[in-house]
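Report on the structure
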Amino acid sequence: QVQLTESGGGLVQPGGSLRLSCAASGNIVNINWLAWYRHSGKERELVAAITEGHPTTYADSVKGRFTISRDSARNTVYLDMNLLKPEDTAVYYCNLYIYESGTTGHQYYWGQGIQVTVSS
């Protein structure tokens, strides 16, 4: 059974930095989509995504400040957030498209969500 565990959120002052992590566990064969979304009471927003064979994508609001990366050996995706602004305050969710051994194909899995608050 695949599980995603997020960590790294919290309270940070404007201009500060945080690193979010999302580790996937289980009998994982392949992950070909790794993404971070956020929800601040409005619509859920795609923040950044890695798709195998395609360029990494970012929301316009975070370009130049956030970086998504992966550690394939650890089945982990990261989101490095710099120059944080109060409008980055949200619950952040990781979303991975995973092929688990013994199943018929890839499925989407969500992390539990983690709060990021940017405030002085």
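One structure accompanies this document, and this report is about it. Everything numeric in this text was worked out from a predicted model, so none of it was measured. (Residues numbered from 1 in each chain as written. Predicted model: local features only at pLDDT ≥ 70, side-chain atom pairs only at ≥ 80, totals over all residues. Heavy atoms only, no water.)

Attention shifts here to the overall build of the chain. Looking only at helices and strands, one finds 0 helices and 11 strands in the chain. Sequence-ordered secondary structure for the chain, helices as α and strands as β, is β-β-β-β-β-β-β-β-β-β-β. In terms of overall dimensions, the chain is globule-like: its C-alpha atoms have a radius of gyration of 14 Å, near the 14 Å expected for 120 residues. The proportion of buried residues among the 120 residues of the chain is 42%. Counted over contacts in the chain with a minimum sequence separation of 6, partners at least 24 positions apart contribute 55%. Total accessible area computed for the chain in this model is approximately 6400 Å², and 47% of it derives from carbon and sulfur atoms. Across the chain, the mean location of the 9 positive side-chain charges is 4 Å away from that of the 10 negative side-chain charges. (Helix = DSSP H or I, 4+ residues; strand = E, 2+ residues; numbered from the N terminus. Rg over C-alpha atoms; globule rule 2.2 N^0.38 Å. Buried < 20%, exposed > 50% of the residue type's maximum accessible area, 1.4 Å probe, protein only. Contact = heavy atoms within 4.5 Å. Areas by Shrake-Rupley, 256 points an atom, 1.4 Å probe, with all protein chains shown as cover. Lys, Arg positive; Asp, Glu negative; His and termini not counted. Charge placed at Lys NZ, Arg CZ, Asp CG, Glu CD.)

Within the open sheet, the 4 strands sit side by side as β1-β3-β8-β7. Their pairing is antiparallel. Each edge of the sheet is formed by a strand with only one pairing partner; in this case those strands are β1 (3-7) and β7 (66-71). With direction set aside, neighbouring strand axes in the sheet form an average angle of 15°. (Pairing = 2+ DSSP bridges. Axes fitted to C-alpha atoms, helices over the stretch in contact; angles between N-to-C directions.)

Turning next to the packing of aromatic side chains. Across all of its chains, the model carries 3 aromatic pairs by this definition. Considering the side-chain rings of Tyr93 and Trp110, the 6.4 Å spacing of their centres and the 85° angle between planes classify their relative orientation as edge-to-face. Highlighted residues: Tyr93 in strand β9 (residues 90-100) and Trp110 in strand β10 (residues 106-110), separated in sequence by 17 residues. A residue is classified by how much of its surface remains accessible, and Trp110, at 39% relative accessible area, is partly exposed. A connected cluster of aromatic rings, assembled from ring pairs, spans Tyr37, Tyr93 and Trp110. Directly above the ring of Tyr93 sits Arg44, whose terminal nitrogen or CZ lies 4.5 Å from the centroid. The ring of Trp110 has Arg44 sitting right over it, with the charged end atom 4.6 Å from the ring centre. (Phe/Tyr/Trp six-rings, centres within 6.5 Å; stacked < 30°, edge-to-face > 60°. Lys NZ or Arg CZ within 6 Å of the ring centre and 35° of its normal.)

Unusually for a residue other than glycine, Asn75 sits at a positive phi of about 50°. Summarising the element assignment, Asn75 is placed in the loop between β7 and β8 (76-81).

To continue, consider the nonpolar core. Ranked by size, the top nonpolar core spans 31 residues in total, and within it Leu4, Trp36, Leu79, Met81, Tyr92, Leu96 and Ile98 carry the most contacts. For this core, the leading source of residues is β9, giving 5 residues. The contact partners of Met81, leaving out residues within four places of it in the chain, are Gly16, Ser17, Leu18, Leu20, Arg65, Phe66, Tyr92 and Val116. (Core = buried A, V, L, I, M, F, W, Y, C linked by side-chain atoms within 4.5 Å.)

Purely geometric numbers; function is a separate question.
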